[in-house]
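# Structural description and commentary
Residue strings, one per chain:
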Amino acid sequence: MVQRDSIYWNPILETMPREKLKELQIKKFKRIFEWAYNNSPFYRKLYKEAGIEPGDIKSYEDIKKVPKIDKAMLRDVQTREPFPYGDILAVPLKDIVVFRQTSGTTGTPVYQADTWQDWEWWSECWAYILYAQGYRDTDRFFLPFGYNIFVAFWAAHYAAEKIGCEVIPGGVLDTEARILKMQELKCTAFAATPTYVLGMADTARKMGIDPRSIGIKKITCAGEPGASIPTTKQRMEEAWGAKVYDHIGATEIGAWSYMCTEQKGLHVNEAFFLVEIEDTETGEIIEEPMKQGKMIVTALDRIGKPCIRFDSKDVIRWADYDCPCGRTFRMIDGGVIGRADDITKVKGVLLAPTAIEEVVRSFKELSDEYEVVVSKKGDIDDILLKIEILPEHEGKKEEILSRLKDQLRVKTNLGYRIEVHPYGSLPRYDVKAKRFKDLRKH
Ligand SMILES: [Zn+2]
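Residues numbered from 1 in each chain as written. Predicted model: local features only at pLDDT ≥ 70, side-chain atom pairs only at ≥ 80, totals over all residues.

### Brief notes about the overall build of the protein
Within the protein, the secondary structure is distributed over twelve helices and 20 strands. Against the compact-globule benchmark of 22 Å for 442 residues, the protein has a radius of gyration of 22 Å, which places it among compact chains. Here the analysis covers contacts within the protein between residues at least 6 apart in sequence; of these, 68% occur between residues at least 24 apart. (Helix = DSSP H or I, 4+ residues; strand = E, 2+ residues; numbered from the N terminus. Rg over C-alpha atoms; globule rule 2.2 N^0.38 Å. Contact = placed C-beta atoms within 7 Å.)

### Concerning unusual backbone geometry
Between Glu-81 and the following residue, Pro-82, the backbone shows a cis peptide bond with an omega angle of -5°. For Pro-82, the location among the structural elements is in the loop between helix 5 (71–77) and strand 1 (96–101). For the peptide bond that leads from Phe-83 to Pro-84, omega is 0°, which places it in the cis range. One non-glycine residue, Asn-148, lies in the positive phi region at around 55°. Inspection of the secondary structure assignment puts Asn-148 in the loop between strand 3 (140–143) and helix 7 (151–163). The backbone phi angle of Lys-313 is positive, close to 65°, even though this residue is not glycine. Checked against the element boundaries, Lys-313 lands in strand 12 (residues 310–316).

### Some details on the domain arrangement of the protein
Under the domain assignment used here, the protein contains domain 1 (1–338) and domain 2 (344–441). Its C-alpha centre places domain 1 at a distance of 29 Å from the equivalent point of domain 2. Listed as interface residues are 18 residues of domain 1 and, on the opposing side, 14 residues of domain 2. It is helix 9 (residues 194–206) that contributes the most residues to the side of domain 1 that touches domain 2, five residues altogether. The class makeup of the residues in the side of domain 1 that touches domain 2 is six nonpolar, nine polar and three charged. (Domains from an automatic or database assignment. Nonpolar A, V, L, I, M, F, W, Y, C, P; charged D, E, K, R; others polar.)

### Considering helix 8 (residues 175–184)
What helix 8 keeps buried is the set Arg-178, Ile-179 and Met-182. Down the axis of helix 8, the buried set is contained in an arc of 100°. They therefore lie on one face. Opposite the packed face of helix 8, turned more than 90 degrees from it, sit the exposed residues Ala-177 and Glu-184. Residues of helix 8 that are buried sit in contact with strand 3, strand 5 (189–192) and helix 9. With its phi angle positive at about 55°, Lys-186 sits one or two positions after the end of helix 8. (Buried ≥ 20, exposed ≤ 12 C-beta atoms within 10 Å, placed from the backbone. Arc of directions from axis to C-beta.)

### So, the nonpolar core
Among the nonpolar cores identified, the biggest contains 109 residues, and Trp-126, Phe-190 and Ile-219 are the most heavily contacted of them. Among the nonpolar cores identified, the runner-up in size contains 14 residues, and Ile-383, Leu-404, Leu-408 and Phe-436 belong to it. (Core = buried A, V, L, I, M, F, W, Y, C linked by C-beta atoms within 7 Å.)

### Remarks on the sheet that holds strand 20 (residues 436–438)
An order of 19-18-17-20 is seen for the four strands of this open sheet, with the pairing classed as mixed. Looking at the sheet topology across the chains shown, the edges are occupied by strand 19 (417–421) and strand 20. Across this sheet, the average inter-strand angle for adjacent strands is 15°, counted without regard to direction. The sheet contact formed by strand 18 (residues 380–389) and strand 19 spans five bridges and is parallel. Looking across to strand 19, one finds that Lys-386 is bridged to Glu-419. Contacting strand 18 and strand 19, helix 12 (residues 397–412) crosses the sheet at an angle of about 140° to strand 19. (Pairing = 2+ DSSP bridges. Axes fitted to C-alpha atoms, helices over the stretch in contact; angles between N-to-C directions.)

### Some words on the environment of Asp-139
Within the secondary structure, Asp-139 is located in the loop between helix 6 (116–132) and strand 3. Dropping the residues within four chain positions of it, Asp-139 is found in contact with Cys-165, Thr-188 and Ala-189.

### Examining the environment of Phe-329
Relative to the elements of secondary structure, Phe-329 occurs in the loop between strand 12 and strand 13 (331–332). Here the alpha-carbon distance between Phe-329 and Ser-257, two residues 72 residues apart in the chain, equals 9.5 Å. Apart from residues no more than four positions distant in its own chain, Phe-329 is found in contact with Glu-14, His-267, Val-268, Asn-269 and Glu-270.

### A look at the packing of helix 8 against helix 9
The geometry of helix 8 relative to helix 9 is characterised by a closest axis approach of 10 Å and an angle of 80° between their N-to-C directions. In terms of axis orientation, helix 8 runs roughly perpendicular to helix 9. Where helix 8 approaches helix 9, its residues Thr-175, Glu-176 and Ile-179 are matched on the opposing element by Met-200, Thr-203 and Ala-204. Counted by class, the contact of helix 8 with helix 9 contains three nonpolar, two polar and one charged residues. (Parallel < 35°, antiparallel > 145°, perpendicular 65-115°, else oblique.)

### Some thoughts on the environment of Asp-246
Inspection of the secondary structure assignment puts Asp-246 in strand 7 (residues 243–250). If we skip the residues at most four places from it in the chain, Asp-246 touches Cys-221, Ala-227, Ser-228, Met-259, Leu-266 and Gly-335.

### Re the sheet that holds strand 6 (residues 218–221)
Within the open sheet, the eight strands sit side by side as 4-3-5-6-7-8-9-13. Their pairing is mixed. Each end of this open sheet is capped by a strand with a single partner; those strands are strand 4 (166–169) and strand 13. Helix-sheet contacts for helix 10 (residues 230–240) involve strand 6 and strand 7, and the interaxial angle to strand 7 is about 130°.

### Observations concerning the packing of helix 11 (residues 353–360) against helix 12
Look at helix 11 against helix 12: their axes get within 10 Å of each other, and the N-to-C directions meet at 145°. Judged by the twist between their axes, the crossing of helix 11 over helix 12 is right-handed. Contacts between helix 11 and helix 12 pair Ala-355, Ile-356, Glu-358 and Val-359 from the former with Gln-407, Leu-408, Lys-411 and Thr-412 from the latter. Taken together, the residues of the contact of helix 11 with helix 12 break down into four nonpolar, two polar and two charged. (Left-handed = near helix turned anticlockwise from the far one by under 90°.)

### Brief notes about helix 3 (residues 41–49)
An α-helical turn contains 3.6 residues, so a residue and the one three or four places further along point in the same direction. Every buried residue of helix 3 is accounted for by Phe-42, Tyr-43, Leu-46 and Tyr-47. The buried side chains of helix 3 occupy one side of the element, clustering within an arc of 120° when seen end-on. In helix 3, the exposed positions that point more than 90 degrees away from the buried face belong to Lys-45, Lys-48 and Glu-49. One or two residues past the end of helix 3 sits Gly-51, with phi positive at roughly 70°.

So this is what it looks like as structure tokens:
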């Protein structure tokens with residue numbers, strides 16, 4: 001359908017010199033700021049209280065003066081008119097064409113309103129992702145989910161059609177039927193959460209089907225950090241004999257970043273998003289690479305319910321390398337390292353749950369499932385790690401545990417209590433897994 005000989009979905013924007021890209025971002029930021037100021041009562045009040053108006057944004061530095069918003073504010077605004085979104089809307093309610101909502105894993109769901117123009121923008125953002133991961137009009141793309149009111153897979157679906165792929169929605173089927181359908185139709189690609197990518201491979205093997213025999217060439221991950229954790233990515237790639245690519249997006253933000261076929265870091269789609277990284281201690285914006293902070297993000301073109309300087313609480317860092325693919329979009333290293341709320345001090349040491357995942361998934365003797373529970377025993381923090389040893393390695397239990405404890409200590413500077421659970425007994429998840437529990441917060 002779409003005939004292109006470039007490796008880029010949009011060669012002009014994806015390879016734009018950085019100075020020009022920055023100019024474009026400032027121009028677009030001014031435009032969305034002015035749009036929100038003039039059309040959204042919520043934003044106008046916020047900006048008036050801060051004493052800032054459209055004419056005040058002249059340079060990149062001025063953007064830092066614009067007040068941030070966060071999820072609590074997005075929830076609060078929903079209690080106001082117009083129902084159910086509140087006065088953050090910057091268009092008349094009649095212009096909204098789709099309702100979506102966040103998954104609500106961290107509290108009350110946030111409702112998302114998009115206009116038809118926003119919806120075109122969503123699928124365009126996803127087209128950058130899929131095209132960069134090698135999706136072309138020859139691909140047969142399976143989506144093993146009921147998309148329901150969650151946005152990501154809808155956007156993936158329309159973007160894949162836009163590229164010219166043949167799209168198969170696998171919604172109402174169960175996991176076994178999905179595997180059979182992918183096999184029957186000789187699908188070449190699918191998209192899923194890392195948890196489900198591994199879960200489907202496990203189910204296929206139990207059905208007597210080697211997932212590698214199905215012919216899947218690429219898998220796009222969403223919803224969890226796994227595809228940016230090298231050991232988890234490797235597990236998925238080995239299970240399916242396919243390339244696994246990460247993408248990151250959020251309902252209230254948009255699909256803002258993607259891994260390309262080089263599989264280095266993730267490119268931030270800087271033509272559509274302005275990403276800033278804020279030092280959580282000093283509040284300064286971090287420009288230097290490999291220093292982590294939380295992401296403040298602006299969707300530069302989303303008009304129905306604008307997202308301007310949203311404090312995502314996602315912890316990220318700029319990469320200290322470029323990508324050989326030639327895209328000039330800046331890269332982040334290691335995907336989302338954690339949530340600012342999840343990266344917590346345990347026994348006085350900062351612990352990111354992804355660091356535990358990286359170690360556990362490097363052990364071929366362990367199953368894909370694990371769980372971490374942090375609690376207090378008296379005054380002392382206790383970390384319990386629950387794992388499953390694969391049946392064929394049970395004889396080596398003591399040796400495995402000793403190696404696991406050592407490697408966890410090296411990676412995280414902490415000691416763990418480890419419980420071995422019978423293979424198949426830890427909870428299995430269909431979409432997003434809840435593997436990290438901090439009971440000290442309750
Ligand atoms: Zn690249």
